[in-house]
Amino acid sequence: MATVDRDQLLIDTKAWLPSPITLTDSMILAINETVIITIGDDTINYPHIRCEALRANATKMLVDYSVVSPGLKREKTFQVEVEYYNTAVDNPWQVYLDNLDKICPLFGYKPVINETLNYSVLITVPYAN
């Protein structure tokens, strides 16, 4: 059982997150460590760990982005300063998370269907006229 290389995971995580990421290396390492502990510290789990590390880091950025009021706009003309909110701003991290299932198969990991969804069994009954 070989353990996951944390430095390589840091490099891989930073490579696949969008470039304007504002998380420090120490924060990414802490988040990645939590993912490794949850999934299992074995190189056989690396594709799964890599995918979930991206999901966890993007979720952290999603929360941070939603808290810092990205729609706040401020304009100053001469002595007058106007402040207003642009509520039409979408959270780009939500878009990233929505598309993460398209990225993970590139690593050799296919995420399972969301277990929180409620599916019913479809039964086909033959009908004879």
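Scroll up to find the structure.
Residues numbered from 1 in each chain as written. Predicted model: local features only at pLDDT ≥ 70, side-chain atom pairs only at ≥ 80, totals over all residues. Heavy atoms only, no water.

### Some details on the packing of helix H2 (residues 25-39) against helix H3 (residues 46-67)
Basically, it comes down to this: Convention adopted: a line fitted to C-alpha atoms gives each axis, helices being fitted over their contacting stretch, and angles between N-to-C directions are expressed from 0 to 180 degrees. Working definition: helices are DSSP H or I runs of at least four residues, strands are E runs of at least two. Numbering for both runs from the N terminus. Here is the rule for angles: anything less than 35 degrees is roughly parallel, anything more than 145 is roughly antiparallel, 65 through 115 is roughly perpendicular, and the remaining ranges are oblique. Handedness of a crossing is defined here by the sense of rotation of the near helix relative to the far one, left-handed for an anticlockwise turn of less than a right angle and right-handed for a clockwise turn. Two residues form a contact once any of their heavy atoms are found within 4.5 Å.
Closest axis-to-axis distance for the H2/H3 pair is 9 Å, and the angle between their directions is 130°. For the element pair H2 / H3, the angle class is oblique. Handedness of the crossing formed by H2 with H3: right-handed. When H2 is examined against H3, the residues Met27, Ile28, Ile31, Asn32, Val35, Ile36 and Ile39 are found in contact with a partner set consisting of His48, Ile49, Glu52, Ala53, Ala56, Asn57 and Lys60.

### A word on helix H4 (residues 92-103)
Three- or four-residue spacings in an α-helix give side chains the same orientation, since the helix completes a turn every 3.6 residues. Stated precisely, the cut-off is as follows: One less than the residue count of a helix, multiplied by 1.5 Å, gives the span that helix is expected to have. The classification of residues rests on relative accessible area computed with a 1.4 Å probe and restricted to protein chains. Under 20% of the type maximum is buried, over 50% is exposed, and intermediate values are partly exposed. Each direction from the helix axis to a C-beta atom contributes to the arc, which is the arc of those directions. Pairs of N or O atoms are called polar contacts if they sit within 3.5 Å, as long as, within protein, a hydrogen donor faces a hydrogen acceptor (for residues adjacent in sequence, only side-chain-to-side-chain pairs).
When the terminal C-alpha atoms of H4 are compared, their 16 Å separation across 12 residues agrees well with the 16 Å that a helix rising 1.5 Å per residue should span. Restricting attention to buried positions, one finds in H4 the residues Trp93, Tyr96, Leu97, Leu100 and Ile103. Seen from one end, H4 has its buried residues packed into an arc of 105°, which puts them on one side. Seen from the open side of H4, the exposed residues pointing more than 90 degrees away from its buried face are Asp98 and Lys102. Check the buried side of H4 and you find it contacts helix H1 (6-16) and H3. Regarding H4, its N-cap is asparagine 91, as a side-chain oxygen of that residue lies 3.0 Å from the backbone nitrogen of tryptophan 93 further along.

### Structural notes on the side chain of aspartate 12
Tracing the chain through its elements places aspartate 12 in helix H1. Residue aspartate 12 is classed as buried on the basis of its relative accessible area, which comes to 11%. Residues contacting aspartate 12, with those up to four places away along its chain left out, are Tyr46 and Arg50.

### Comments concerning the environment of leucine 10
Along the chain, leucine 10 falls in helix H1. With relative accessibility at 11%, the residue leucine 10 sits in the buried group. For leucine 10 and isoleucine 28, which are 18 residues apart along the polypeptide, the C-alpha to C-alpha distance reads 6.9 Å.

### Re the state of the cysteines
Going by this rule: For the purposes of this analysis, a disulfide is any pair of cysteine sulfur atoms at a distance within 2.5 Å.
In this structure the tally under the stated criterion is one disulfide. Covalent S-S linkage joins cysteine 51 and cysteine 104, the inter-sulfur distance amounting to 1.8 Å. Where cysteine 51 bonds to cysteine 104 through sulfur, the torsion about that S-S bond is close to 80°, and the disulfide is right-handed. In this pair, cysteine 51 sits in helix H3 while cysteine 104 sits in the segment after H4, placing the two residues 53 residues apart along the sequence. Its relative accessible area of 0% is what places cysteine 104 among the buried residues.

### As for the packing of aromatic side chains
For any pair of aromatic rings, geometry is given as the distance between the ring centres together with the angle between the planes. How we decide: Pairing of aromatic side chains requires ring centres within 6.5 Å, counting the rings of Phe and Tyr and the six-membered ring of Trp. Pairs whose planes differ by under 30 degrees are stacked, by over 60 edge-to-face, and all others tilted.
One pass over the structure, following the stated rule, counts two aromatic pairs. Ring geometry for tryptophan 16 against phenylalanine 107: centres 5.2 Å apart, planes inclined by 80°, an arrangement best described as edge-to-face. Of this pair, tryptophan 16 sits in helix H1 while phenylalanine 107 sits in the segment after H4; the two residues are 91 residues apart in sequence, bridging distant segments of the chain. Accessibility expressed as a relative area gives 12% for phenylalanine 107, which makes it buried.

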